[in-house]
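Architecture and fold: a report
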Amino acid sequence: MAISSSSSSSPSLLAALNCAGNIHLVVGSNALASTRCTQSLNAGARPVLLAPASADLPSTLRQHIDDGAVQWHKTDFDDAHLFTLGREDVGRVVDAVFVTSGPKDEQSIHISELCRRNRIPVNVIDAPHLCTFTLLSTYSDGPLQVGVTTNGRGCKLASRIRRDIASSLPADLGAACDRLGALRRRIQQHDEGQHHHAASASALGELDDSVDQTAQFNRLVLEHDAEEAKTRRMRWLAQVCEYWPLKRLAAIRDDDIEAVLAAYARKPAPNTDDHDVPGGEDASGDSGSGSGIPRRKVGKLILAGSGPGHPDLLTQATHKAILTADVILADKLVPSGVLDLIPRRTPVQIARKFPGNADRAQEELLEMALAGVSAGQTVLRLKQGDPFIYGRGGEEVDFFRARGLGARVSVLPGITSALSAPLFAAIPPTQRDVADQVLICTGTGKKGKPPTPPEYVASRTVVFLMALHRIAALVEELTTEVERRPPTPGAEDPAAAADHDGRSSTVVSPLGHRALWPLSTPCAVIERASCPDQRVIRTTLADVVAAVEAEGSRPPGLLVVGNACDYLNKRDQGTRWVVQDGFDGLQVDDVLVGEAAAVLAKE
């Protein structure tokens, strides 16, 4: 049900209403009145029909009446009906009114005005200007409901759009909602018993379905943040719901739920759960002695980059590896469009990474990769972007070299989002007379420690990866000088120590003062580059923190800073930030079709 304002220019506030036990007054006797009664019954309401005794009612409506599901008052509408036919506990006022006689009927106008004056929700067929709410074209699968409205302007277009959306969803997604919801409740109950419910709520944001991820969705959990670390299972569940492909979520079963609970106990434990090892016991291999020398046929490991997101941006080499690998171990940020290319027969494990668990999740993947290679399998480690651009690819090569398996490792490049994301946001990182250099930086160092911030160079474009979860600290480091803190006793790297909130205290270069970035410097946040839900927030360093907090989080994302951000994207003066949603595609389909047609014509 869409609750809307009277303004024709305003979008509706879409809301799912709990109508159980409500009294819905349906005025009319036509086929639409029958439909409205059925819709009310499906929502758990009790329809009351107002129609003369002489009315020729549709057969379905008569059946509802005969079954006692619909109460028929054989009379015309009277104003008093609004205040006498409702529930006792709300003073006999009806909960909603459906008028099926159309906008030109004077009675429709009268009922609408009367309902508005008394704040009773009213819907008049084919008359958006007389409605305070409209019904959506809906698709239902258990607890999952998808609704579409054109606010009375699309004729049957809403149902067409709804059908197209529904056809794109995997089967059993509603059952998956039930299972994941049950898992969430079990984790909550366990955390409540351990007095950690407040921390759990803080970690995930105990919000309803209408709220997207907050700017803190991927907030870094530092080692000393004990309370946040206690929410590891709930964090993993949130990341699963966000990053797993819908097809895999729809295929989740009760034993998967139990495996999650077992694998993420209150205390971290080595991964010994066969369910999480692709292929189960057969894939565990025999790694031989403690030296790591295998006793059986040795397979190979392929480290490959999947690019920024769009599956057409895969290299042919990586696509071939996806089609031929025995086992695929994918990072959580590899988008569903790429994962959909994996043959159904191929076992897939998605990294159980979330803030505060990245190191252990990385260890799990390395253990599974080693087991697969030792068992003679071709293991594909599929990473977002490029394996060697903040992808830990070098660490994984080193891991296998240390075990005498370096010759069994090959690395396939991928298009890094550090350079492609700006392109998709119409930002040329290099531009004559504007930017003559590009710097790629991380916004977060090892174990959450802030790296040394780059100094300001007017002709430089800087791309920060892994920075949005600590955007406030990063902006402070770029634009201000903060005195260095005294060394922390026992710190692994005192010069890079961080406060509890991740804010740096070490922005002064050891070589002296550095040039600070002006707050007026243009910047852009680019999220889910090349994916259908790509979003670009254009602003300045002065307002980027407020913009991210206001617009929320849509990870993965990056920050581009420099004058190049404004070269093709001039913002109006006085506009603090501009948000651009959606991805137009690669815009090559027509060209490719034309070229293919030309080749066929020659043949």
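Residues numbered from 1 in each chain as written. Predicted model: local features only at pLDDT ≥ 70, side-chain atom pairs only at ≥ 80, totals over all residues. Heavy atoms only, no water.

The name that an unreviewed UniProt entry assigns to the protein is precorrin-2 dehydrogenase, with the source organism given as Stachybotrys elegans.

Looking only at helices and strands, the protein has 19 helices and 21 strands in total. Every one of the 603 residues in the protein was classed for burial, and the buried ones make up 46%. The contacts of the protein with a sequence gap of at least 6 include a subset with a gap of at least 24, amounting to 67%. Roughly 30,100 Å² of accessible area belongs to the protein as shown, and the carbon and sulfur atoms make up 51% of that amount. (Helix = DSSP H or I, 4+ residues; strand = E, 2+ residues; numbered from the N terminus. Buried < 20%, exposed > 50% of the residue type's maximum accessible area, 1.4 Å probe, protein only. Contact = heavy atoms within 4.5 Å. Areas by Shrake-Rupley, 256 points an atom, 1.4 Å probe, with all protein chains shown as cover.)

Once that is clear, we can look at the pattern of salt bridges. Summed over all chains, the structure comprises 17 salt bridges. For Asp95, the salt bridge is made with Arg87, and the minimal N-O distance between the two is 2.6 Å. We note that Asp95, like Arg87, is buried. For Arg160, the salt bridge goes to Asp164, with nearest N and O atoms at 3.3 Å. Remark: Asp164 and Arg160 occur in helix H5 (residues 157–168); sequence separation between them is four residues, near one turn of the helix. Through salt bridges with shared partners, a single ionic network connects Asp331, Arg381, Lys383 and Glu396. (Salt bridge = Lys/Arg side-chain N within 4 Å of Asp/Glu carboxyl O.)

Attention now goes to a nonpolar patch on the surface. Residues Leu157, Ile161 and Ile165 make up a contiguous nonpolar surface patch of roughly 220 Å² in combined accessible area. As for its placement among the helices and strands, Leu157 is situated in helix H5. According to the relative accessible area criterion, Leu157 is partly exposed, its value standing at 46%. (Patch = residues over 30% accessible without salt bridge, like charges linked within 9 Å, V, L, I, M, F, W, Y side chains within 5 Å.)

Enumeration according to the criterion identifies four aromatic pairs in this entry. Judged by centre distance (5.1 Å) and plane angle (75°), the rings of Tyr456 and Trp517 are edge-to-face. Taken together, the residues span a long stretch of sequence, with Tyr456 in the loop between strand S16 (437–442) and strand S17 (460–465) and Trp517 in the loop between helix H17 (471–479) and strand S18 (522–527) at a distance of 61 residues. When its relative accessible area of 24% is taken as the criterion, Tyr456 is described as partly exposed. Classification of Trp517 by relative accessible area gives buried; the value is 2%. Across the ring face of Trp72, the terminal group of Lys74 is positioned such that the distance to the ring centre comes to 4.8 Å. Sitting over the face of the ring of Phe399, Arg403 holds its NZ or CZ atom 3.6 Å from the ring centroid. (Phe/Tyr/Trp six-rings, centres within 6.5 Å; stacked < 30°, edge-to-face > 60°. Lys NZ or Arg CZ within 6 Å of the ring centre and 35° of its normal.)

With that settled, consider the nonpolar core. One finds Trp244, Ile322, Ile328, Leu339, Leu380 and Leu382 to be the most contacted residues of the largest nonpolar core, which totals 28 residues. Those elements giving two or more residues to this core turn out to be helix H6 (173–193), helix H9 (232–243), strand S11 (300–305), helix H12 (316–324), strand S12 (327–330), helix H13 (336–339) and strand S14 (378–383). Apart from the residues within four sequence positions on either side, Leu380 is in contact with Ile302, Ala304, Ala321, Ile322, Ala325, Val327, Ile328 and Leu329. (Core = buried A, V, L, I, M, F, W, Y, C linked by side-chain atoms within 4.5 Å.)

Moving on: the sheet that holds strand S19 (residues 535–540). With mixed pairing, six strands are arranged side by side in an open sheet as S16-S17-S20-S18-S19-S21. Of all the strands in the sheet, the pair left with one neighbour each is S16 and strand S21 (578–581). For this sheet, the mean inter-axis angle between neighbouring strands, taken without regard to orientation, is 15°. Note: S18 against S19, six bridges, orientation antiparallel. By the bridge assignment, Ile526 is partnered in S19 with Val536. (Pairing = 2+ DSSP bridges. Axes fitted to C-alpha atoms, helices over the stretch in contact; angles between N-to-C directions.)

Turning next to H9. Across its 12 residues, H9 extends 16 Å between first and last C-alpha, which sits within 8% of the 16 Å expected from 1.5 Å per residue. Within H9, 11 of the 12 residues are buried, leaving the element largely enclosed by the surrounding structure. Listing the buried residues of H9 in full gives Arg232, Arg233, Met234, Arg235, Trp236, Leu237, Ala238, Gln239, Val240, Glu242 and Tyr243. (Expected span 1.5 Å × (residues − 1).)

Taking burial as the measure, the eight residues of helix H16 (residues 417–424) include six buried ones, the bulk of the element. Listing the buried residues of H16 in full gives Ser417, Ala418, Ser420, Ala421, Pro422 and Phe424. Where H16 is buried, its residues meet S16, S17, S18 and strand S20 (557–561). Ala426 sits one or two positions beyond H16 and adopts a positive phi of about 60°.

Our focus in this paragraph is the packing of helix H1 (residues 31–42) against helix H2 (residues 59–66). Interaxial distance between H1 and H2 falls to 8 Å at its minimum, and their mutual angle equals 45°. Classified by the angle between their axes, H1 and H2 sit oblique to one another. For the pair H1 and H2, the crossing hand works out as left-handed. For the pair H1 and H2, the contacting residues are Ser34, Cys37, Thr38 and Leu41 in the first and Thr60, Leu61 and His64 in the second. (Parallel < 35°, antiparallel > 145°, perpendicular 65-115°, else oblique. Left-handed = near helix turned anticlockwise from the far one by under 90°.)

Inspection of every chain in the model, using the stated rule, returns zero disulfides. Counting only cysteine sulfurs, Cys523 is the nearest neighbor of Cys565, a cysteine outside any disulfide, at a range of 6.6 Å. A relative accessible area of 3% means that Cys565 is categorised as buried. (Disulfide = S-S within 2.5 Å.)

Looking now at the environment of Leu541. Looking at the secondary structure, you find Leu541 in the loop between S19 and helix H18 (544–551). Separated by 67 residues in sequence, Leu541 and Leu474 place their C-alpha atoms 9.9 Å apart. Those residues within four positions of Leu541 in sequence are excluded, and the remaining contacts are Val475, Leu478, Thr479, Trp517, Pro518, Leu519, Thr521, Cys523 and Val561.

Let us look at the packing of H17 against H18. Orientation of H17 relative to H18, taken along the N-to-C sense of each, is 175°, at an axis distance of 9 Å. In terms of orientation, H17 and H18 fall into the roughly antiparallel class. Within the contact between the two elements, H17 uses Ile471, Ala472 and Val475 and H18 uses Val544, Val545 and Val548. Taken together, the residues of the contact of H17 with H18 break down into six nonpolar, no polar and no charged. (Nonpolar A, V, L, I, M, F, W, Y, C, P; charged D, E, K, R; others polar.)

Moving on, we get to empty space enclosed by the protein. All chains considered together, the criterion is met by two cavities of 30 Å³ or more. Considered as a void within the structure, the largest cavity measures approximately 50 Å³ in volume. In terms of lining residues, the largest cavity is bounded by 10 residues, among which Gln239, Val240, Trp244, Lys332 and Ala351 are the most central. With four residues, the single largest contributor to the lining of the largest cavity is H9. Split by residue class, the lining of the largest cavity holds six nonpolar, one polar and three charged. (1 Å grid on protein atoms, 1.4 Å probe; cavity = no way out; pocket = protein on both sides within 12 Å on 5 of 7 lines; lining within 4 Å. Points joined across faces, edges and corners; volume = space filled by probe spheres on them.)

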